[in-house]
Every structure is written in C-alpha cells, then in structure tokens.
Amino acid sequence: MTKLSDRFRSNVAILEGRPVIELLLLVGDESKGCKQEALDMLLLRDFDTIYPTLEHGVRNNALADLRNGAMEVLVHFGRQSVPRLVELLHDKDEEVRNFSTVMLGDIASRDAVEPLIAALNDPDANVRHGAAEALGRIGDRSALLPLLKLLREDFWQQYPALAAIREMRDNRAVPYLLPLVNDEMLGEPAIEALATIGDPRAVPSLVALLTTASSLRSAAAVRAIYSICTGEAERGAGAFTLHQSLEPVTVVEKLRQLAGAEDEATATAARALLDLRDGIHNPPADSSISAGAIVGGEQGVGPGIVNNVQVQASLADLDSGVPLEVVLNRAHSAGASLEQAIIDALGRKGTSDAVEALLALLERFDNPRHVEFAIVHALAAATPCGHIAGNGLRPFANHPDPDMRRLTLQALTSLDPGEALPAVFRAVNDPHWSVRIEALKLLTGIGGDEAVDCLLAALVDTDVLVRKNAVAGLGKLGSMKAVVPLVNLLCDKEVGRGAFDALLALGETALPELHAYAGKGSLEVRERVIDLVGRYGSKSSIPVLGELANDSHPAIRLAVIHAFWNCHDSSVLPVLSRLHDNDPDPDVRHAAMVVKSGLDRETER
C-alpha cells in the first residue's frame, strides 16, 4: 500500500503549476482526494495576485464547488482577506454581501466588527441575518447594543440576534432577555441565552416558567436553571439560595414530573434541582472518567500501558551497574512508553547517582527527541538533588530546539524558582514566541515587581499570542501598575477582550483609577471602562455612575444604564426613571425602561 506521505508528495507533484481555478475546484470538492494539497498550494500564492480569481469564484452561481473553494481559501487567508471582504459587504449583489458576512464570521477578526454592525441595517434580510451571526461568532462587546436593538425588530432579525447574544455571554443582555422568556416564538432561544450567560438573577423568572409555560419551554427552563446553578458552583460562589423559589408545591410537582422526562438532560436537571432544594448537591459523575481514576485504583495492564514489573526490572539492572543507555536500548523494542517510564522512575528516585546518570545521557547528541524530553521532565521532579539537576540543566536553556528551551525553563523553575529567575528573564526576549510565552507564564507564577515589569514590556511584543499571555498574566498578578496600560488596550482589536478580563481580575482596588478614566479619554475607552466598573457591581461606584448619567453623549448614558444592572441597589432607580422619562435619546429611554423593569422585579422579590 502506498504510504500517505508518498501519496501526498505525488499529489503535490501532479498539482504543481495548475491554474488557480482548477485548484479551487479541488478545494471545493473533497471527494477528489486532493483538497488539503490544493489548499496548501493556494495559500502559498500571493494573495493580491489570486484575489480576482477568488472573487470571481464567490460570484459564480453555476459552479458550487468553485464558490465553496474560493470561500474556504479566503477564510484561510484570515485577516489578509478582511479588507477585501469588507468591500464585498457593499456589493450590489445581496448574495455576495451575505457570503461576505459568513466568511467574516468564520475569520472572526475584530477588524470586521464595525462594518458588520453597519451591515445590520442592510436592506436585505439575509445579509442582516448573516451580519448578526458573524458578530456573535466574533464576540466583541461593542456589538452587544446594536444586537439588542434587533430584539425590537421582526422575528427574522430577533432570532439571529438572540443566537449572537448567547455566544457573547454578556450579562448586560439579561434584562432584555427576561421579558422574552414568555414569548411563544422566542422563549426557547431566550432561555438558552440566559443559561449560557449564567446570571443568577434570571433564575426566579425561569422558575416561574415551570408552572406556566409550554412543556418545551418548561423543560428548557429547568435545564437553564441547573446550568446557572452549576456555573455558580464552579465559580466558587456556591449554590445561591433557591429554596424560596422552589418552595411552591406546584413547582415541586413540576420538577418531579420533569425528573421522569424521556430527555436525559431535562431529567438530570430536574433531579439535581430537587436535591438542591432538599440541601443535597450531587453533581452527576463524568462518565468519561473511570471509577479507578476517581478513587485512585490500580489500572490494569493493556496495550500501550507500561507494566510496573518491567520498570522495576530495568531499575534493578541499573543498580547492578548496567549503563542507562543500554537499559533504554533494551526497553526501546517495547516502545517509547517504557523508556519514558524508566526515566520517570529515575527522576522520582532522585538520588545523586540517578540524576547524574540522566544528565550524562542528556548531554549526548544522538538521543531521540522523546528521550530528551522525558529526561528534562524527570529531572524536574528530582528535588532531593535539585541543585545537581539545576546546574546540569541550566545550559539547556540555550538549546537550539525551542521546545527543549521551554521544557528546561519549566524544569528549572520547578526545582528552584529563585535560581531559575535569570534564565526565565532572559527567555522573555527569546527569538521563539513559544519560549517567550512560557517565560511569561512562569514569571506570573513567581510574581514580584520584576515579573510585572517584564509582563508590561511584553504588551508590545510582535506576536499576538505573547501579548495575550502578558495581558492575562498582569490580571493574575494584581499589580496596580498594570491598570493604565490595560485600560489603554481595552479597544485593541487583538487583546482588548483579554485586557477587560485582566482588569476585572485585579479586583475593586482598581476602581479609583477606573472611576477617573470613566470621565476622560476617547468615547470607546470611556464606554468600556464604565462597562467594567459596572461589572464590579460596587456600591462605591454608584455616585460616579450617577454623575456620568448626565453626560452629554448618549453612548455614555447608555453605558451607565447597563452598568446600573450590576449595582443591586435601589438608589439607582430614580436615575433610571429620570432617564426613561426625560432623556432626549430614544435608545437611552428604552434602555432605562428595560433595566429599571428588571431591577424592579428583583426589588419586589
């Protein structure tokens, strides 16, 4: 039989020099068997040179394979395609505009957010539908308010808006969703969105559905309630008080009825809620985890699983003077897993002889890659002789292989974080992005002012993944030095979402700085800072937000209204009433009415 690699090389040779259209047809028709090779070859071409052919393919109504192939190639080109696809959002052909929304959603670049928001007003319903779905897939927070406005349109716009809002998981949407749970057409998608968002204040409205709604919506409601409870428990918030909501006899009867439902997810949720009402919390065991794994029982020996007897025999050979490389050569015929198990056992043994034997083997240049990696992992566990292991490993922080440099940093930090710091600090400037990321992660775990400074410097790294890890690390370290740099990144298309989460992780000690920024800077920064302040839900923010409710720009007043949703304080109700009654902007008046109604329901309970 021809090897796969041989067949791949053969296909590439056959396709070499083929016209772009032929390659696109092969990408669009997987049954031809050359899809991946054709796609790879097209992605090596100059984008600007082949774009006219790609656009021709998108416009082709006669050949579905050509159109599908062109769209897939444009998506794989990623951000490079975005400016061209944004141009197609204005094409006179509504089908082309719709295809553009699909591709922009698949690419999920934040560069497309503003053009897609504009496309929500497209004259063609399919394009508006596609734009809403694409915005949901991208998930940028600035798209939420335009999507919420669609909830006031017809069903054809409401349904994709609900799907997109669900994907965004933004709790500012909750007061807009609560009235929809009673809608015959939109009830189920609204309930699903509330379940995904996970705001516990939706629970009373969902419980009310158990006795008043259709069977499908009551089943969806019980699943949503259970999902929200589970999410709260996973976040460490504990199961919030449901007893009062679940006390009515009619609710209990409905839960017992649903506990016997044919749909297993519904039945499981209903049984769990009954247990929770009775003060029991027994989450269903993950069926993918074996009982042995849960209780730490001994695993049986099967194909690919190392027999401990083999490892002990190999260790006995080593004790009798057989060189480590000889023992591993014997084990090689049994598979890499036995070699790795022997090396791991030596590391756990941790004696000076074992460590020196591993280091001696590591210094050889003819080791298989998996053996080198296994040795570094084993030495990381050799803490009884950590100084010997560390001294021997330190030169490998400069190994030509970036994977070895990364693993060496992990091992050195595991053995002695203080001794590892010089190597970790150097690795922050490593030429390979994966090593720089590892160094930032390790510094986040070690902490200290120098770690903060390194993470701040990495915010301008050329690699987006490095920048994202630097942002996340600053959130974990909790230094106030990070507040201003992170605020300045809130509108960054690549790391803005991470900057928001990192600022949220800093805790309420960041609020004084954020309160100051809520009143200055660009409009977009102010909106996001106010959103962030609202997410903290601190009563100390209410006076600041109350003052900002008088801002001259309606976008700021809207941001304040949505921030009030998280404040849990009746003192915001008069401000909302005033905005509802007197604000000159209709969107502000509508938002004030929706949020005030949601808070009124909470106050009544």
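Computed from a prediction, not measured in an experiment: that's the story for all the values here.

(A) Broad picture of the packing of helix 26 (residues 402-415) against helix 28 (residues 433-446). Helix 28 packs onto helix 26 with a crossing angle of 10 degrees between their chain directions and a minimal axis gap of 9 Å. Relative to helix 28, the element helix 26 lies roughly parallel. Residues Pro402, Arg405, Arg406, Leu409, Gln410 and Thr413 of helix 26 form the contact with helix 28, whose own contacting residues are Ser434, Val435, Glu438, Leu442 and Ile446. Among the residues forming the contact of helix 26 with helix 28, the class breakdown is 5 nonpolar, 3 polar and 3 charged.

(B) Here's a closer look at the layout of surface pockets. Here the largest pocket defines a volume of roughly 1,000 Å³. What lines the largest pocket is a set of 44 residues, among which Ile117, Ser142, Leu145, Pro146 and Glu527 lie closest to the centre. Among the elements of the structure, helix 8 (113-119), helix 10 (144-150), helix 34 (523-536), helix 36 (554-564) and helix 38 (586-604) are those that each provide at least two residues to the lining of the largest pocket. Counting residues per element, the lining of the largest pocket draws most heavily on helix 34, which supplies 7 residues.

(C) Just the pattern of salt bridges, in detail. Summed over all chains, the structure comprises 38 salt bridges. The closest approach of N and O atoms between Arg528 and Asp140, which form a salt bridge, is 2.8 Å. Of this pair, Arg528 sits in helix 34 while Asp140 sits in the loop between helix 9 (125-138) and helix 10, and the two are 388 residues apart along the sequence. Exposure remark for Arg528: the relative accessible area of 11% places this residue in the buried category. The partner of Glu192 in a salt bridge is Arg166, and the shortest N-O contact between them spans 3.9 Å. Of this pair, Glu192 sits in helix 13 (residues 187-197) while Arg166 is found in helix 11 (residues 155-168), placing the two residues 26 residues apart along the sequence.

(D) View of the packing of aromatic side chains. All chains considered together, the criterion is met by 3 aromatic pairs. Between Phe47 and Phe77 the ring centres are 4.9 Å apart and the planes differ by 65 degrees, which places this aromatic pair in the edge-to-face class. Here Phe47 is found in helix 4 (residues 47-59), whereas its partner Phe77 is found in the loop between helix 5 (64-76) and helix 6 (82-88), with 30 residues between them in sequence. For Phe47, a relative accessible area of 2% corresponds to the buried category. Ring centres of Phe155 and Tyr159 lie 5.8 Å apart, and the angle between their planes is 45 degrees; on these two criteria the pair is classed as tilted. Taken together, the residues Phe155 and Tyr159, both in helix 11 and 4 residues apart, mark about one turn of the helix. Every member of this aromatic cluster is reached through a ring pair, and the members are Phe47, Tyr51 and Phe77. Just above the ring of Trp565 sits the side chain of Arg201; from NZ or CZ to the centre is 4.1 Å. The ring centre of Tyr517 lies 4.7 Å from the NZ or CZ of Lys520, which sits over that ring.

(E) Representation of helix 23 (residues 352-362) within the structure. Among the residues of helix 23, Ala354, Val355, Leu358, Leu359, Leu361 and Leu362 are the ones counted as buried. For helix 23, the buried positions fall inside an angular range of 160 degrees around the axis, keeping them on one side. Check the buried side of helix 23 and you find it contacts helix 21 (324-332), helix 22 (336-349), helix 24 (369-380), helix 25 (386-393) and helix 26.

(F) Structural context of the packing of helix 11 against helix 13. Orientation of helix 11 relative to helix 13, taken along the N-to-C sense of each, is 10 degrees, at an axis distance of 8 Å. Comparing their axes, helix 13 and helix 11 come out roughly parallel. Between helix 11 and helix 13, the residues in contact are Tyr159, Leu162 and Arg166 and Pro189, Ala190, Glu192, Ala193 and Thr196, respectively. A breakdown of the residues in the contact of helix 11 with helix 13 according to their chemical character gives 5 nonpolar, 1 polar and 2 charged.

What counts and what doesn't
Residues numbered from 1 in each chain as written. Predicted model: local features only at pLDDT ≥ 70, side-chain atom pairs only at ≥ 80, totals over all residues. Heavy atoms only, no water. Axes fitted to C-alpha atoms, helices over the stretch in contact; angles between N-to-C directions. Helix = DSSP H or I, 4+ residues; strand = E, 2+ residues; numbered from the N terminus. Parallel < 35°, antiparallel > 145°, perpendicular 65-115°, else oblique. Contact = heavy atoms within 4.5 Å. Nonpolar A, V, L, I, M, F, W, Y, C, P; charged D, E, K, R; others polar. 1 Å grid on protein atoms, 1.4 Å probe; cavity = no way out; pocket = protein on both sides within 12 Å on 5 of 7 lines; lining within 4 Å. Points joined across faces, edges and corners; volume = space filled by probe spheres on them. Salt bridge = Lys/Arg side-chain N within 4 Å of Asp/Glu carboxyl O. Buried < 20%, exposed > 50% of the residue type's maximum accessible area, 1.4 Å probe, protein only. Phe/Tyr/Trp six-rings, centres within 6.5 Å; stacked < 30°, edge-to-face > 60°. Lys NZ or Arg CZ within 6 Å of the ring centre and 35° of its normal. Arc of directions from axis to C-beta.

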